[in-house]
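# Structural characterization, general
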2 protein chains.
Amino acid sequence: MSYVHGYDQRERERLHDQAGTLVELLHGDTSYPAGARVLEAGCGVGAQTVTLSARSPQARFTSIDVSAESIAVARKRKLANVEFRRADLFAMPHETFDHVFVCFVLEHLEQPVQALAPLKAMLKPGGTITVIEGDHGSAYFHPDSAAANEAIQCQVALQRAAGGNSLIGRQVYPLLVAAGFGDVAVSARMVYVDSSRPRLVDGFTRKTFTAMIEGVREPAIERGLITAERFDEGVRALYRTAEDDGTFCYTFFKGVGIN
Amino acid sequence: MSYVHGYDQRERERLHDQAGTLVELLHGDTSYPAGARVLEAGCGVGAQTVTLSARSPQARFTSIDVSAESIAVARKRKLANVEFRRADLFAMPHETFDHVFVCFVLEHLEQPVQALAPLKAMLKPGGTITVIEGDHGSAYFHPDSAAANEAIQCQVALQRAAGGNSLIGRQVYPLLVAAGFGDVAVSARMVYVDSSRPRLVDGFTRKTFTAMIEGVREPAIERGLITAERFDEGVRALYRTAEDDGTFCYTFFKGVGIN
């Protein structure tokens, strides 16, 4: 499995923009008590960790990622209550945590239910797991555009080819239940953008979603999923939805379960 | 333009179920002050009128519909603060209202912006218009199913053939702006359903959305949009999303503008 988004500078900026505009929507209701030990699995470059740790200054975070490069970038953030560690989820030392947090990770895994097992094993009885995922099937917009939908489908196909599932948001509930968590509660966090919300137009429609789709231009064309002309037409159509009479919709799903 | 849903008994029950489970989501933030005169345009059989008038008991509603049959059914509700009247939006007597309310109506009109003009003309300066619409492009579910999506597309195609647009929800913002209303504010009202929400599983997934799709079975097959087998497969797949590990998503859009 390879990480479909890549690790370049632009991607780092995109993840930063993404975290910046979605903070309240995604993280506003997550905070951990003083002294709680929290495992953040798949922290990447720490884009979510900044918010997560700031909202729970008295909790202690262990934020792991399998990519040494990402962890190196994450460590530069110098977050007082976070230990960034390069680690594989499936080869963690015997450690237990009060809570587990997993954001934008299951979408990249071939067997998400199985990936939840080691997390459950590290969680103390009564501890919570929080899972946040997007769902590219939740993207729709005005003006509608077949080319834009085809460009989005390239991202979906590439992620599937890499062993992931970019339509996983709608499955957070059954995944957590199948993994054995109790009292599972999932809520949909919809981002609705029109020109009365200029911060979201720029921060979400342009710099988060459309930038992510633009990011798969080369592999999509190389693999023959689409022509360069059609892809570019699709991306222009996505930018078109950021104009005054355009609208854009996307939904994230946040689930909490108890061990 | 013909009303794609038809006017039979089952449809009346469906609209009633729909209104019953969505009341808080759609109407929870709408109430009008004592003495306010409110025009409800396109009230149909009064499914929304029940809630609307109950939430603003001191306001006076004039609820109109072009269908005499619907108005006859609506009048049986005997709502004290509502005058049901058979009337054509484009041929109303000279009357003015403090507020206008339009729910699930624009989706049926060929020229929604133009339809808003007579409403604006009847609205006093400073009065509000409230518009609520669904968007069938916002429907997605788990397990995903190509057949289910094809069955939904039949409804979209039939409504388009009848001069309507069942993907209009995402356009409420630009429509209200184009019609000349000010301070337009649109919010997305997403219905997320999983088996931890049994009332919505039954009331929305089964009895509202899937029942509506089932309702177009005959015209869809008659017009050769789909085979009977494929349509039925799609409907079964929609009912499948109501099982324990299924999820269902749909979004309504509510917009308010000022004259």
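Structural notes, computed from the coordinates. None of these values were measured; they are calculated from a predicted model.

Quick look at the environment of Tyr 32 of chain A now. Residues and elements named next belong to chain A. Assignment of secondary structure puts Tyr 32 in the loop between helix 1 (9-27) and strand 1 (37-41). Residue classification places Tyr 32 among the buried residues on the basis of a relative accessible area of 9%. C-alpha separation for the pair Tyr 32 and Arg 170, spaced 138 residues apart in sequence, amounts to 26 Å. Once residues lying within four places of it in the same chain are set aside, the contact partners of Tyr 32 are Val 38, Leu 52, Ser 56, Ala 59, Phe 61, His 99, Val 100, Phe 101, Thr 128 and Thr 130.

With that settled, consider the interface of chain A and chain B. Across the boundary between the two partners, chain A contributes 27 residues, which contact 27 residues of chain B. Both sides of the chain A and chain B interface together cover about 2,100 Å² of buried area, and 61% of this is carbon and sulfur. Taken as a group, Tyr 140, Arg 170 and Tyr 173 of chain A account for 32% of the area that chain A buries against chain B, more than any other trio of residues on that side. Here chain A and chain B share 2 salt bridges between them. Among the ionic pairs, Arg 170 of chain B bridges to Asp 144 of chain A, the shortest N-O distance being 3.7 Å. At the junction of chain A and chain B, the tally comes to 8 residue pairs in polar contact (both at pLDDT 80 or more). Going through the elements one at a time, strand 5 (123-142), helix 6 (172-178), strand 6 (182-194) and strand 7 (247-258) of chain A are the ones with two or more residues in the side of chain A that touches chain B. The biggest single contributor to the side of chain A that touches chain B is strand 6 of chain A, with 7 residues.

Our focus in this paragraph is helix 9 (residues 228-240) of chain B. All names here are of chain B. The terminal C-alpha atoms of helix 9 lie 18 Å apart, and with 13 residues this matches the ideal 18 Å at 1.5 Å per residue to within 8%. Within the sequence span of helix 9, burial applies to Phe 231, Gly 234, Val 235, Ala 237 and Leu 238. Looking straight down helix 9, one finds its buried side chains confined to an arc of 155°; they lie on one side. Along helix 9, the residues that are exposed and aim more than 90 degrees away from the buried face are Glu 229 and Arg 236. Here the buried face of helix 9 lies against strand 5 (123-142), helix 5 (146-161), helix 7 (198-214), helix 8 (217-222) and strand 7 (247-258).

Attention now moves to the relation of the copies chain A and chain B. Mapping between the two copies of the chain is achieved by a rotation about an axis and a shift along the axis. Superposing chain A onto chain B takes a rotation of 180° combined with a translation of 0.0 Å along the rotation axis, leaving an RMSD of 0.0 Å. Both chain copies can therefore be described as sitting about a two-fold axis. Take the interface residues of chain A: 100% of them recur as interface residues in chain B, which is what a same-surface contact looks like.

Before going further, it helps to examine the sheet that holds strand 5 of chain A. Residues and elements named next belong to chain A. The 7 strands lie next to each other as 3-2-1-4-5-7-6, forming an open sheet whose pairing is mixed. Each edge of the open sheet is held by one strand with a lone partner, namely strand 3 (82-86) and strand 6. Ignoring strand direction, the axes of neighbouring strands in this sheet form an average angle of 20°. Pairing of strand 2 (residues 60-65) with strand 3, which is carried by 5 bridges, proceeds in the parallel orientation. For Ser 63, the partnering residue across the bridge sits in strand 3 and is Phe 84.

As a further point, take the nonpolar core. By size, the foremost hydrophobic cluster in this structure holds 66 residues, and its most contacted members are Leu 119 and Ile 129 of chain A together with Leu 119 and Ile 129 of chain B. Those residues in contact with Leu 119 of chain A that lie beyond four places of it in its chain are Leu 39, Ala 41, Leu 89, Val 100, Val 102 and Ile 129 of chain A. Leu 22, Val 38, Leu 52 and Val 235 of chain A belong to the second-largest nonpolar core, a separate cluster that totals 44 residues.

Residue and element names in this part refer to chain A. Burial within strand 4 (residues 97-103) is extensive, with 6 of its 7 residues counted as buried. By the bridge criterion, 3 bridges tie strand 1 to strand 4 in an arrangement that is parallel. Residue pairing across strands places Glu 40 opposite Phe 101, the latter belonging to strand 4. Where strand 4 and strand 5 come together, 6 bridges link them in parallel fashion. By the bridge assignment, Phe 97 is partnered in strand 5 with Leu 123. With respect to chirality, the unit in which strand 4 leads through helix 4 (residues 112-122) into the neighbouring parallel strand 5 is right-handed.

Moving on to the side chain of His 27 of chain A. Residues and elements named next belong to chain A. Structurally, His 27 is set in helix 1. The exposure class of His 27 is buried, given its relative accessible area of 1%. The contact partners of His 27, leaving out residues within four places of it in the chain, are Leu 22, Gln 48, Thr 51, Arg 55, Phe 101, Cys 103, Ile 132 and Lys 254.

Moving on to the packing of helix 5 (residues 146-161) of chain A against helix 9 (residues 228-240) of chain A. All names here are of chain A. Two elements in contact, helix 5 and helix 9, have axes separated by 7 Å at closest approach and are oriented at 110°. What the angle tells us is that helix 5 and helix 9 run roughly perpendicular. Of helix 9, the residues touching helix 5 (which contributes Ala 146, Ala 147, Ala 148, Glu 150, Ala 151, Ile 152 and Cys 154) are Arg 230, Phe 231, Glu 233, Gly 234, Ala 237 and Leu 238. Of the residues assigned to the contact of helix 5 with helix 9, the class counts are 9 nonpolar, 1 polar and 3 charged.

Oppositely charged side chains may form a pair once their charged atoms are brought near each other. Residues and elements named next belong to chain A. Counted under the stated rule, the structure contains 32 salt bridges over all chains. Arg 85 is paired through a salt bridge with Glu 83; the nearest N and O atoms lie 3.1 Å apart. Taken together, the salt bridges that share partners define one network made up of Arg 37, Glu 83, Arg 85 and Glu 95.

Rules of the game
- Residues numbered from 1 in each chain as written.
- Chains lettered and ligands numbered in written order.
- Predicted model: local features only at pLDDT ≥ 70, side-chain atom pairs only at ≥ 80, totals over all residues.
- Heavy atoms only, no water.
- Helix = DSSP H or I, 4+ residues; strand = E, 2+ residues; numbered from the N terminus.
- Buried < 20%, exposed > 50% of the residue type's maximum accessible area, 1.4 Å probe, protein only.
- Contact = heavy atoms within 4.5 Å.
- Buried area = accessible area lost by both parts, 1.4 Å probe.
- Salt bridge = Lys/Arg side-chain N within 4 Å of Asp/Glu carboxyl O.
- Polar contact = N/O pair within 3.5 Å; in protein donor to acceptor, adjacent residues only side chain to side chain.
- Expected span 1.5 Å × (residues − 1).
- Arc of directions from axis to C-beta.
- Least-squares fit on C-alpha atoms with pLDDT ≥ 70 in both.
- Pairing = 2+ DSSP bridges.
- Axes fitted to C-alpha atoms, helices over the stretch in contact; angles between N-to-C directions.
- Core = buried A, V, L, I, M, F, W, Y, C linked by side-chain atoms within 4.5 Å.
- Right-handed = clockwise from strand over helix to strand, strands pointing away.
- Parallel < 35°, antiparallel > 145°, perpendicular 65-115°, else oblique.
- Nonpolar A, V, L, I, M, F, W, Y, C, P; charged D, E, K, R; others polar.

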